[in-house]
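# Chain and residue survey
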Amino acid sequence: MANLVTSLCCVVLAAVVVAYAQRRSQLVARNQYERRGSDVTMQCGSLESDASVSWKVNGTDIEAQHQLNGPKLILTQVDLDHNGLYSCFQNPHGERRDTILLHIGMGSGGVLVP
Ligand SMILES: *[C@@H]1O[C@H](CO)[C@@H](O)[C@H](O)[C@H]1NC(C)=O
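Small disclaimer: the values here were computed from a predicted structure and weren't measured.

## A few points about the overall build of the protein
A tally of regular secondary structure across the protein gives one helix and eight strands. When the helices and strands of the protein are listed from N to C terminus, the series reads α-β-β-β-β-β-β-β-β. Considering only contacts in the protein between residues 6 or more positions apart, those separated by 24 or more positions represent 61%. Summed over all atoms, the accessible surface of the protein reaches about 7600 Å², with 56% contributed by carbon and sulfur.

## Considerations on the environment of glutamate 34
If you trace the backbone, glutamate 34 turns up in strand E1 (residues 30-35). Distance in space between the C-alpha atoms of glutamate 34 and aspartate 79 is 9.6 Å, their sequence separation being 45 residues. Once residues within four sequence positions are removed from consideration, glutamate 34 is found in contact with Val40, Leu102, His103, Ile104 and Gly105. Of note is the side chain of glutamate 34, whose polar atom sits 2.9 Å from the side chain of glutamine 32.

## A word on the sheet that holds strand E2 (residues 40-43)
Strands sit in the order E2-E6-E5 across an open sheet of three strands; the sheet is antiparallel. With partners counted over all chains shown, the strands left at the sheet margins are E2 and strand E5 (67-69), one partner each. Sheet twist, expressed as the mean angle between neighbouring strand axes with direction ignored, is 25°. For E2 and strand E6 (residues 72-75), the ladder comprises four bridges, and the chain directions are antiparallel. Each bridged residue has a counterpart across the sheet, and for valine 40 the counterpart in E6 is leucine 75.

## Quick look at the sheet that holds strand E7 (residues 84-90)
Spatial ordering of the open sheet is given by E1-E8-E7-E3-E4, a layout of five strands whose pairing is mixed. Edge positions in the sheet fall to E1 and strand E4 (60-61), since each has one partner strand and no second.

## A look at the pattern of salt bridges
Within the structure shown, the criterion is met by three salt bridges. A salt bridge links arginine 30 to aspartate 98; its shortest N-O distance comes to 2.5 Å. Linking arginine 30 in strand E1 with aspartate 98 in strand E8 (residues 95-105), this pair joins segments that are 68 residues apart in sequence. Overall, the relative accessible area of 3% leaves aspartate 98 in the buried class. Glutamate 95 serves as the salt-bridge partner of arginine 97, at 3.9 Å between the closest nitrogen and oxygen.

Conventions used here
- Residues numbered from 1 in each chain as written.
- Predicted model: local features only at pLDDT ≥ 70, side-chain atom pairs only at ≥ 80, totals over all residues.
- Heavy atoms only, no water.
- Helix = DSSP H or I, 4+ residues; strand = E, 2+ residues; numbered from the N terminus.
- Contact = heavy atoms within 4.5 Å.
- Areas by Shrake-Rupley, 256 points an atom, 1.4 Å probe, with all protein chains shown as cover.
- Polar contact = N/O pair within 3.5 Å; in protein donor to acceptor, adjacent residues only side chain to side chain.
- Pairing = 2+ DSSP bridges.
- Axes fitted to C-alpha atoms, helices over the stretch in contact; angles between N-to-C directions.
- Salt bridge = Lys/Arg side-chain N within 4 Å of Asp/Glu carboxyl O.
- Buried < 20%, exposed > 50% of the residue type's maximum accessible area, 1.4 Å probe, protein only.

Okay, here's the thing in structure tokens:
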């Protein structure tokens, strides 16, 4: 019996930790490293492919030239000036779902060479 209580306690604790980590991941920027000249896809959190989102970079709305594919933002042939802080907001209420710090490097294989 004591074992059951202990296990239940662990399950509840694990669920709380996971929920907290998920919440936190929406608020804390994560890093994405890409190579100069490559095509970059950024996924807004773990949203389903039919979700509708808006993106901002450095706090300003993203230019229309970039392709939007559900919760994904696609940048083609990125260059150093694509570096920045990208945030996505789920429509229609505009809750922030993800924040990505994009680093464009000159190296290969996503390794950043300053
Ligand atoms: C975002 O800001 C950084 C630093 O100020 C700048 O280097 C970068 O070019 C900006 N990114 C975009 C896409 O405007």
